[in-house]
Amino acid sequence: MIRRLSLRWRLVAWVTGVLLVASAAIFAVIYQQVTSQMRSQIDSDVVGDASQLSQAVRGLNPQSPRDVLDEVRRYVTAQPLTGTSSLLFAMVPGAGTVSNHPEVFGSAAPDDDETAAEQLRENKLGRALLTGPLGLSTRQVPDVGAVRIDAHVVRAGTVRVRIGAGEPLIVVTRAQRSIIRSFAIAGAVALVIALLASYLAGASVSLPLRRMAKVATRVDDGDLDPRMEPPQASSAEILILADSFNHMLDRLGRAFAAQRDFIADASHELRTPLTVIAGQLEVLAAQEQPDRDEVRRVHRLVAAEIARTSRLVDDMLLLSRSERDDFLHPKQIDLATFVSDLWASASLAAERRFELGRLPDATLTADPDRLAQALRNLIGNAIEHTQSPDGLVRLDVELVVGGGVRFAVSDDGPGIEPEQRERVFERFHRVDQARDRAGGGAGLGLAIVQVIAQGHGGEVRAKPAPGGGARLELDLPRARSGSRVSGGRPRATTRH
């Protein structure tokens, strides 16, 4: 049931429950301690009074039991029962009983406010004092109530006398009632204060959460603009929660915007080849007997657009998988061997002036397939921006401080404007507006390089080349150098 309550009422319920349990424990301890101490004090007083009465009886030198009774009566009646004195009584066999409370052993006639049955019951209680167990015990005394009695049998000469002393337990009962009454009043006041304080505290704690729920409701309706704005006087936890919530909304906003842009750009990119394919097929269908050359021309165009569309879909799938945990499969890579083999195949892609710088003797922990894909995209980008046959495409590999490696692909093409150097890694972004979709890519190559770099914990950047053109750098961590450097001079220039 508590789990279904709101936070404020759950807090009130828990505080109330803890307060009640703690109050009950304190009450039980105080009640028991006060009762025990008062009973112990009464027992001590009763034993002392009984001891004094015993000594007084032992000091008698009576001639007969009647003399004993008379001496004891003088001692007992000299100490009447009051709120500060003890009940004293004695029984001398063959002589009678005596007490400082006349009603202790009852009477023949009932009092004015008592019935005969009540008087008989009191007489029975009085007689029980003369036959009950010796030592300390709690007995009922007529007109007094519960009394703590200490009874003994002593000798006065040759006479055996049963004596007793007692104190009423009414003082203990009164103290117990006082404790109960005090705790009831104090507990009620404390409970009201605790309920009010816990409700206000719960309302204060839940207020930012209710505001956050309202913001979340608006976000669920598609509005990503609202943000949590807690007062500066809020607790550190609330400020941290609000900041985290706002940061999450910022990321969601950027993610949704990127998703919308990605879908829009992808739709636009896919529409072009589909339009070309549909148009060529319509041209072919409009002819009753198309010749073989026309069929082959349409086939070449359609096949080219299908291949381009397949590459675009593959690139989009790769970008969508970049957020998965299994996107990378790192291994130990020997840099010199890996780069040499990659360069040998990449330099066959076009007729350019390819140069490979010196290769460090080092190993790198990375996914070889993804790294090769990133480097091929960088090299392909350089090829697209250089002229055949003398355009320069150069790859430099060097170790950097901190245990990383830098792959730098340079070209002597037109370069990248400063305001475009950050945007070249955005999806579907093209620097050269003159490059149409038929001759160029879809603008995903450098975006793939960026997600591969980020997946390895590295980064990619665009800079101007020293001799003019563009220089794209891919930095990856987790490289370990060896003892030698292969290829002390740059590799020979190659043309393809």
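Scoring rules and cut-offs
Residues numbered from 1 in each chain as written. Predicted model: local features only at pLDDT ≥ 70, side-chain atom pairs only at ≥ 80, totals over all residues. Heavy atoms only, no water. Helix = DSSP H or I, 4+ residues; strand = E, 2+ residues; numbered from the N terminus. Buried < 20%, exposed > 50% of the residue type's maximum accessible area, 1.4 Å probe, protein only. Pairing = 2+ DSSP bridges. Axes fitted to C-alpha atoms, helices over the stretch in contact; angles between N-to-C directions. Parallel < 35°, antiparallel > 145°, perpendicular 65-115°, else oblique. Left-handed = near helix turned anticlockwise from the far one by under 90°. Contact = heavy atoms within 4.5 Å. Nonpolar A, V, L, I, M, F, W, Y, C, P; charged D, E, K, R; others polar.

Student: Can you help me understand unusual backbone geometry in this one?
Tutor: If a residue is not glycine, its phi is most likely negative; likewise, a peptide bond is most likely trans. Across the junction of Ser 388 and Pro 389, the peptide omega takes the value 10 degrees, indicating a cis bond. Relative to the elements of secondary structure, Pro 389 occurs in the loop between helix H8 (368–384) and strand E9 (392–400). One non-glycine residue, Arg 478, lies in positive phi territory at about 65 degrees. Looking at the secondary structure, you find Arg 478 in the loop between strand E12 (470–476) and strand E13 (479–486). On the basis of relative accessibility, which here comes to 51%, the residue Arg 478 falls in the exposed class.

Student: Looking at this structure, how should I read the pairing of strand E1 (residues 87–92)?
Tutor: Strand residues, when the strand is regular, have side chains that alternate between the two faces of the sheet. Judged by how many residues are buried, E1 sits mostly within the fold: 5 of 6 residues are covered. Judged from the 5 bridges that link them, E1 and strand E5 (residues 159–168) form a sheet pairing that is antiparallel. For Leu 87, the partnering residue across the bridge sits in E5 and is Gly 166. In the sheet, E1 pairs with strand E2 (residues 96–99) via 4 bridges, with the strands oriented antiparallel. Looking at the pairing, Phe 89 lines up with Ser 99 of E2. Connecting the antiparallel pair E1 and E2 is a turn made up of 3 residues, with Gly 94 showing a positive phi of about 85 degrees.

Student: Explain the packing of helix H7 (residues 335–346) against H8 here, please?
Tutor: Between two packed helices, the angle of one axis relative to the other and the distance separating the axes together describe the packing. Their axes nearest at 11 Å, the elements H7 and H8 cross at an angle of 45 degrees. As far as their axial angle goes, H8 and H7 are oblique. As for how H7 packs across H8, the hand of that crossing is right-handed. In contact with Phe 338, Leu 342, Trp 343, Ser 345 and Ala 346 of H7, H8 contributes Pro 368, Leu 371, Ala 372, Leu 375, Arg 376 and Ile 379. Residue composition of the contact of H7 with H8, by class: 9 nonpolar, 1 polar and 1 charged.

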